[in-house]
Amino acid sequence: MSVRMPAARNALRVLALLAEQVGPTRAATVARELEIPRSSAYQLLQVMREEGFLVHYPELGAFGPSAKVRQIGSQAGAATRLERLGQPVLERAVSGTAVPATAHLAVLAGSDIVYAARAQGPRSPTTVSKVGVRLPALHTATGRALLAALPYSQVLANLPTTTVLEGSVRSRGELRSLLRSTASRGYATESGDVDANYGSVAAAAFDAAGYPAAAIGLTFRLASADGESWEALGTTVRGAAAALTRRLGGVAET
């Protein structure tokens, strides 16, 4: 059954129409093309401008999509692209782990990470790494891997001064030491900071510009992993991150 919300439908139709135009478009043209009253078209365009979705060009008496619309499209497209490129890498990584593990792909969002994809192997543990879930970056292996790949000044800019440092990272000094050791090792670790029963390892993947676009992590039950298992899992995530880096057009370390 079709839901009747003409204002919402018309707003979406306006965006679709303006996205097809070479330049800014007058309200009269919008009204004619979408077959809606000119007064209604003008009011709709004004509301969309006030909400930040359109830009008004007063000299032309016309409207066009704002940077906000392009940003939304860019972010959505980037997330979809990462998920499609990363999912096969996750599935291969989790299929050959030394201990049962869940693989996940995460991206940095300010002081948090957001999970963008996941894959489970035989007897994989149940984790919170469902697509769309956000967690503090400092508490996760994926977040630590991404932060370690950034300049320290940018790390501090990502983390607001109100960020609570706790668990295994309780001060700025410990943070810097953690990120240095992570960068030196080539992968990040986390033991019990998200869940007391689980540990994780993760490594960053880079895009063509050399920016850490995402991190691939493996989460497992602490009771099932010894020192050798941690190292083997670290090697696995490094290999998976390198594979994703190549898929993103970046240069993977040999």
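As shown above, the structure is provided for reference.
Residues numbered from 1 in each chain as written. Predicted model: local features only at pLDDT ≥ 70, side-chain atom pairs only at ≥ 80, totals over all residues. Heavy atoms only, no water.

Examining the overall build of the protein chain
Scanning the protein chain from terminus to terminus reveals eight helices and nine strands. Looking at the protein chain as a whole, 42% of its 254 residues are labelled buried. Contacts spanning at least 24 positions in sequence make up 56% of the contacts within the protein chain whose residues lie at least 6 apart. For the protein chain, the exposed area adds up to about 13,600 Å²; of that, 53% sits on carbon and sulfur atoms. (Helix = DSSP H or I, 4+ residues; strand = E, 2+ residues; numbered from the N terminus. Buried < 20%, exposed > 50% of the residue type's maximum accessible area, 1.4 Å probe, protein only. Contact = heavy atoms within 4.5 Å. Areas by Shrake-Rupley, 256 points an atom, 1.4 Å probe, with all protein chains shown as cover.)

Points about the sheet that holds strand 6 (residues 134–136)
A sheet is described by the order of its strands in space; here six strands give the open sequence 6-5-4-9-8-7, paired in antiparallel fashion. Strand pairing shows two members of the sheet lacking a second neighbour, strand 6 and strand 7 (188–191), which therefore form its edges. For this sheet, the mean angle separating the axes of adjacent strands, direction not counted, is 30°. Across six bridges, strand 4 (residues 101–109) lies against strand 9 (residues 212–221) in antiparallel orientation. By the bridge assignment for strand 9, Thr102 is matched with Thr219. Each of strand 4, strand 7, strand 8 (198–206) and strand 9 is contacted by helix 8 (residues 227–247), which is oriented at about 30° to strand 8, the strand it contacts most. (Pairing = 2+ DSSP bridges. Axes fitted to C-alpha atoms, helices over the stretch in contact; angles between N-to-C directions.)

Quick word on the packing of aromatic side chains
Summed over the entire model, instances satisfying the criterion amount to one aromatic pair. Arranged with centres 4.9 Å apart and planes meeting at 85°, the rings of Phe220 and Trp230 form a pair that is edge-to-face. Of this pair, Phe220 sits in strand 9 while Trp230 sits in helix 8, and the two are ten residues apart along the sequence. The exposure class assigned to Phe220 is buried, which follows from its relative accessible area of 0%. (Phe/Tyr/Trp six-rings, centres within 6.5 Å; stacked < 30°, edge-to-face > 60°.)

A word on unusual backbone geometry
Look at Glu35: it is not a glycine, yet its phi comes out positive at around 55°. Inspection of the secondary structure assignment puts Glu35 in the loop between helix 2 (27–34) and helix 3 (38–50). For Glu35, a relative accessible area of 72% gives the class exposed.

Overview of the pairing of strand 5 (residues 112–120)
Successive side chains on a regular strand alternate, one facing one side of the sheet and the next facing the other. Within strand 5, seven of the nine residues are buried, which leaves the element mostly enclosed by the surrounding structure. Bridging between strand 4 and strand 5 involves eight bridges; their strand directions are antiparallel. Note on strand 5: the bridge partner recorded for Leu105 is Ala117. Between the antiparallel neighbours strand 4 and strand 5 lie two residues, among them Gly110 with a positive phi of about 70°. Across three bridges, the pairing between strand 5 and strand 6 is antiparallel. Its bridge partner lying in strand 6, Val114 is registered against Arg134.

Some words on the pairing of strand 3 (residues 62–65)
Taken together, the two bridges between strand 1 (residues 25–26) and strand 3 define a ladder with antiparallel strand orientation. Bridge assignment links Thr25 to a residue of strand 3, and that residue is Phe63.

Section: helix 5 (residues 141–148)
Among the eight residues that make up helix 5, eight are buried, leaving the element largely enclosed by the rest of the structure. Taken together, the buried positions of helix 5 are occupied by Ala141, Thr142, Gly143, Arg144, Ala145, Leu146, Leu147 and Ala148.

Section: the packing of helix 5 against helix 7 (residues 172–185)
It is at 9 Å that the axes of helix 5 and helix 7 come closest, and there the two elements cross at 85°. On the basis of their axis angle, the class for helix 5 and helix 7 is roughly perpendicular. In this structure, helix 5 uses Arg144, Ala145, Leu147 and Ala148 to contact helix 7, whose residues at the interface are Leu178, Leu179, Thr182 and Ala183. A breakdown of the residues in the contact of helix 5 with helix 7 according to their chemical character gives six nonpolar, one polar and one charged. (Parallel < 35°, antiparallel > 145°, perpendicular 65-115°, else oblique. Nonpolar A, V, L, I, M, F, W, Y, C, P; charged D, E, K, R; others polar.)

A closer look at the side chain of Thr142
You can see Thr142 is positioned in helix 5. Residue Thr142 is classed as buried on the basis of its relative accessible area of 1%. Reaching out from Thr142, the side chain makes a polar contact with the side chain of Thr140 at a distance of 3.5 Å. (Polar contact = N/O pair within 3.5 Å; in protein donor to acceptor, adjacent residues only side chain to side chain.)

Considering helix 1 (residues 6–20)
Under the 1.5 Å per step criterion, the end-to-end length of helix 1 is 21 Å for 15 residues, consistent within 8% with the ideal 21 Å. Listed in full, the buried residues belonging to helix 1 are Asn10, Ala11, Val14, Leu17 and Leu18. In a view along the axis of helix 1, the buried residues occupy a sector of 130°, so they form one face of it. The exposed set on the far side of helix 1, more than 90 degrees from its buried face, consists of Leu12, Ala19 and Glu20. Turning to helix 1, the residues buried within the fold contact strand 1, helix 2, helix 3, strand 2 (54–57) and strand 3. (Expected span 1.5 Å × (residues − 1). Arc of directions from axis to C-beta.)

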